[in-house]
Amino acid sequence: MALLKKVSVVCIGAGPAGLTAGYLLTRDCQGARVTVLEQDESYVGGISRTVLYKGFCFDIGGHRFFSKSMEIECLWDELLGEDFLLRPRKSRILYRGKLFDYPLRAFDALGKLGIAEALRCILSYLSACLRPTKKPMNFEEWVTRHFGRRLFEIFFKTYTEKVWGMKCTEISADWAAQRIKGLSLFKAIWHALRPQAMTMGERQGTIKTLVTQFRYPRRGPGMLWAAAADRIRQKGGEVLLGQRVVELKDCGPGMGWEVTSRDGEGQERKFQCDHVISSMPLRSLGLIVQPALPETILQCTNSLSYRDFLVVALIVRERHRFDDNWIYIHDPGVKVGRIQNFKSWSPDMVPDPALNCYGMEYFCFEGDGLWTATDAELVDLAARELIQLGLALPDEIVDGTVVRQPKAYPIYDEGYESRVNLIRKHLEAVHPSLHLVGRNGMHKYNNQDHAMMTAMLTVKNIMAEKQLFDVWQVNQDAEYQEGNFLHEKTGDLLQDKKVEERHVPEKVSSR
């Protein structure tokens, strides 16, 4: 499918969504004029970028490359090909000095807890089975129903509250249902007895939490997005770094947009285009659209909240203390929530085999004590906590650096869904050539492949000059072509009751 007329598009943000849209437009739309504007002065990839420090590569959070969509898998191959590695998945929970498999494996967990604690967990689980909560309303109730209260307290409570900065009783049960993927203690035992195969042909029915292998770019996910940016430039498009978009002016029906960006020195540039594809945070977008949004819509955008994130990359002498991709830290005595082992993602991430690089991940709010601490203070904190956890000795820590990631996770507080729907409906009605994509662009906690799919479907809509697909139905666990999509040929709305629409952490009101 190709456009009969030339089209010009500005993509805001060079993350997975923005670069996927830019690449597909330059690849499939002959004569299309495409410009991708990225605020970061050094890297493309957004939260999926790979940072380089003294030859060490590290990610802003781990990114496993596994998708139920073959279209996404094929696009990855098209962009990077042989630079993908097949890596074993290994994640564990550090609790009371012992490493427990995650996803939870019943025999491993109960065996390491000891006889007395294991009996408490089993009795707690049986009690939950005999007196189940009929309709779990929050994260704590959902996990307790499926694993028992004792296992919830040991393996779920502390880490979840570190990540989201709220109590488990304030997080929606839908979040657990999606992120833990329908597991229970019974299913964990069954999986241990009968492991699932994970070949490419068996992916469609696979529980993502149980995936045992994944693909990974040799030098991190940023390698993929740098390749995408290069392809866009090779095909005549632009990818401009250090450009913060400060105004989106709708020039009127059929007149397109004027997009204004500003670089680090305050110099402004203006771009004319027919369509804008935005992956910038929805709260920020609301402030720059002209004519100004109505006050009621601005109140909705201004009320959206985010959880921020920072990673302290510690370079350490290699002592092979753990070989996991990451470990979850459930110790309430430390602030770190998760520790990445970048050599386990790919040996090519670490330039010296005698060294390793650990990513100490801290979840915070922009402006709080963690966020505003100096880099030196954060490196010192991370080093002390790594030693406290028994994962390094003082003389093993060589160096460290800090990367902050604002607006890493959209927060789903009470009433967020109705506010986002109001924003969406207004923009679709008044500014139909402004397209929202990606995690922050849609205020949806999408994975990397879901963000890419929202961009793919948006490009198909632009190329067809009508809405073939409702991109808002791409969510965390839905099959991408299922449920409430518009049929590509007839335009009829297809209904599929299998799709669950809410799969993200939502703060719930007390009951």
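All values reported here derive from a predicted model rather than from experimental measurement. Throughout, a residue's number is its position along its own chain's written sequence, starting from 1. Local features are withheld for residues below a pLDDT of 70 in this predicted model, meaning they are given only at 70 or higher, and side-chain atom pairs are given and counted only at 80 or more; totals for whole chains, interfaces and linings count all residues. Only heavy atoms go into the side-chain values, all of them from the structure, while hydrogens and water stay out.

Enquirer: How should I be thinking about the overall build of the chain in this particular structure?
Expert: Put simply, DSSP H or I for four residues or longer makes a helix, DSSP E for two residues or longer makes a strand, and each gets a number counted from the N terminus. Of the regular secondary structure elements, the chain holds 18 helices and 20 strands. Each of the 511 residues in the chain was classed as buried or not, and the buried ones make up 59%. In this description, contact between two residues means that some pair of their heavy atoms is separated by no more than 4.5 Å. Excluding contacts between residues fewer than 6 apart, the proportion of contacts in the chain whose partners are at least 24 apart in sequence is 71%. Whether a residue is buried, partly exposed or exposed follows from its accessible area with a 1.4 Å probe, protein chains only, as a fraction of its type maximum: under 20%, in between, or over 50%, in that order.

Enquirer: Could you clarify how one ought to interpret the sheet that holds strand 14 (residues 289-290) in this entry?
Expert: By definition, the strands of a sheet pair up through backbone hydrogen bonds, in either a parallel or an antiparallel sense. Here four strands make up an open sheet; going across it, the order is 12-11-10-14 and the pairing mixed. Pairing within the sheet leaves two strands with one partner each, and these edge strands are strand 12 (268-273) and strand 14. Inspection of the sheet shows strand 10 (residues 244-250) paired to strand 14 by two bridges, in the parallel sense. Directly across from K249, in strand 14, lies its bridge partner Q290. A strand pair is defined by DSSP finding two or more bridges across the two strands.

Enquirer: Would you mind going over a nonpolar patch on the surface with me for this structure?
Expert: Patch criteria: residues need more than 30% relative accessible area and no salt bridge. Like-charged residues are merged within 9 Å; nonpolar side chains of Val, Leu, Ile, Met, Phe, Trp and Tyr are merged within 5 Å. All accessibility values rest on the Shrake-Rupley procedure with a 1.4 Å probe; residue burial counts only the protein chains present in the view. Any Lys or Arg side-chain nitrogen located within 4 Å of an Asp or Glu carboxyl oxygen qualifies as a salt bridge. A cluster of nonpolar side chains, I122, L123 and L126, forms an exposed patch at the surface whose accessible area comes to about 270 Å². With respect to the helices and strands, L126 occurs in helix 4 (residues 115-130).

Enquirer: Just checking my understanding: could you explain the side chain of T454 for this structure?
Expert: You can see T454 is positioned in helix 18 (residues 448-464). A polar atom in the side chain of T454 sits 2.6 Å from the backbone oxygen of A451. For the purposes of these results, a polar contact is taken to be a pair of N or O atoms within 3.5 Å, where, inside protein, one atom must be able to donate a hydrogen and its partner to accept one; residues adjacent in sequence count only when each atom of the pair is a side-chain atom.

Enquirer: Help me understand the sheet that holds strand 16 (residues 326-329), please; the structure alone is not making it clear to me.
Expert: The mixed open sheet is built from seven strands, whose spatial order is 7-6-16-17-18-15-19. Each edge of the open sheet carries a strand with a single partner, namely strand 7 (98-102) and strand 19 (397-411). For this sheet, the mean angle separating the axes of adjacent strands, direction not counted, is 25°. Lines fitted to C-alpha atoms define the axes here, with helix axes fitted over just the stretch in contact, and angles between the N-to-C directions of these axes take values from 0 to 180 degrees. Relative to strand 7, helix 3 (residues 106-113) is tilted by about 160°, and along the sheet it contacts strand 6 (91-95) and strand 7. On top of the sheet, helix 15 (residues 375-388) reaches strand 15 (305-317), strand 17 (338-341), strand 18 (355-364) and strand 19; it is set at about 100° to strand 19, its chief contact.

Enquirer: Would you mind showing me how to read the environment of V311 here?
Expert: The residue V311 is located in strand 15 in this model. The exposure class assigned to V311 is buried, which follows from its relative accessible area of 0%. A sequence separation of 29 residues divides V311 from Q340, and the C-alpha atoms of the two residues are 9.4 Å apart. The contacts of V311, once residues within four sequence positions are left out, are F58, D59, I60, G359, M360, E361, T401, V402 and V403.

Enquirer: Would you mind showing me how to read the pattern of salt bridges here?
Expert: Close approach of charged atoms allows side chains of opposite charge to pair. Applying the stated criterion to the full structure yields 29 salt bridges. Note that E140 and R149 form a salt bridge whose closest N and O atoms lie 2.9 Å from each other. The salt bridge involving E161 is made with K157; its shortest N-O contact spans 3.4 Å. Pair noted here: E161 and K157 are both in helix 7 (residues 157-164), with a separation of four residues, about one helical turn.

Enquirer: For this particular structure, what's the right way to read the pairing of strand 10?
Expert: For a regular strand, side-chain orientation follows a simple rule: the groups alternate between the two sheet faces. Bridge count between strand 10 and strand 11 (residues 257-262): six bridges; the pairing is antiparallel. By the bridge assignment for strand 11, K249 is matched with E258. Between strand 10 and strand 11, which pair antiparallel and follow one another directly, the connecting turn spans six residues, one of which, G252, has a positive phi of 115°.

Enquirer: Where do I start with helix 7 in this structure?
Expert: The periodicity of an α-helix, 3.6 residues per turn, causes residues three or four positions apart to be oriented the same way. Among the eight residues that make up helix 7, six are buried, leaving the element largely enclosed by the rest of the structure. Along helix 7, the residues that are buried comprise T158, Y159, T160, K162, V163 and W164. Note on helix 7: the residue one or two positions beyond its end, G165, has a positive phi of about 70°.

Enquirer: Looking at this model, I keep getting lost on the packing of aromatic side chains. Mind explaining?
Expert: Two aromatic rings are characterised by how far apart their centres lie and by the angle between their planes. Centres within 6.5 Å make a pair out of two Phe, Tyr or Trp rings, where for Trp the six-membered ring is used; the pair is then stacked when the planes are under 30 degrees apart, edge-to-face when over 60, and tilted otherwise. Applying the stated rule across the entire model yields 23 aromatic pairs. Seen in terms of ring centroids, F309 and Y409 are 6.3 Å apart; in terms of plane orientation they differ by 85°. Their pairing is edge-to-face. Separated by 100 residues along the polypeptide, F309 in strand 15 and Y409 in strand 19 bring together distant segments of the chain. The same class applies to F309 and to Y409, which are both buried.

Enquirer: I keep staring at the packing of helix 1 (residues 16-28) against helix 10 (residues 221-234) and nothing clicks. Help me out?
Expert: Packed helix pairs are characterised by how far apart their axes lie and by the angle those axes make with each other. The N-to-C vectors of helix 1 and helix 10 enclose an angle of 35°; their axes lie 9 Å apart at closest approach. Here the hand of the crossing between helix 1 and helix 10 comes out left-handed. Taking contact as the criterion, the partners of P16, L19, T20, G22, Y23 and T26 in helix 1 are, on helix 10, W225, A228, A229, R231 and I232. Throughout this entry, Asp, Glu, Lys and Arg are counted as charged residues, while Ala, Val, Leu, Ile, Met, Phe, Trp, Tyr, Cys and Pro are counted as nonpolar. The remaining residues, Gly among them, count as polar. Looking at side-chain class alone, the contact of helix 1 with helix 10 contains seven nonpolar, three polar and one charged residues. Throughout, a crossing is termed right-handed when the near helix is turned clockwise from the far one, and left-handed when it is turned anticlockwise from it by less than a right angle.

Enquirer: Sorry if this is basic, but what is going on with the side chain of H275 here?
Expert: Mapped onto the elements, H275 comes out in strand 13 (residues 275-278). For H275, a relative accessible area of 18% gives the class buried.

Enquirer: Could you clarify how one ought to interpret unusual backbone geometry in this entry?
Expert: Glycine aside, a negative phi is what most residues show, and trans is what most peptide bonds show. For the bond from Q290 to P291, the omega torsion is -5°, close enough to zero to count as cis. Within the secondary structure layout, P291 lies in the loop between strand 14 and helix 12 (295-302). Here H320, not a glycine, exhibits a phi torsion of approximately 55°, which is positive. Turning to its location among the elements, H320 is positioned in the loop between strand 15 and strand 16. Of note, the phi angle at E465 is positive, near 60°, even though the residue is not glycine. Its place among the elements puts E465 in the segment after helix 18.

Enquirer: Honestly, helix 10 in this entry has me stumped. Any pointers?
Expert: Every helix has an expected span of 1.5 Å times one less than the residues it contains. The terminal C-alpha atoms of helix 10, which comprises 14 residues, lie 20 Å apart, in line with the 20 Å expected from a rise of 1.5 Å per residue. G236 sits one or two positions beyond helix 10 and adopts a positive phi of about 100°.

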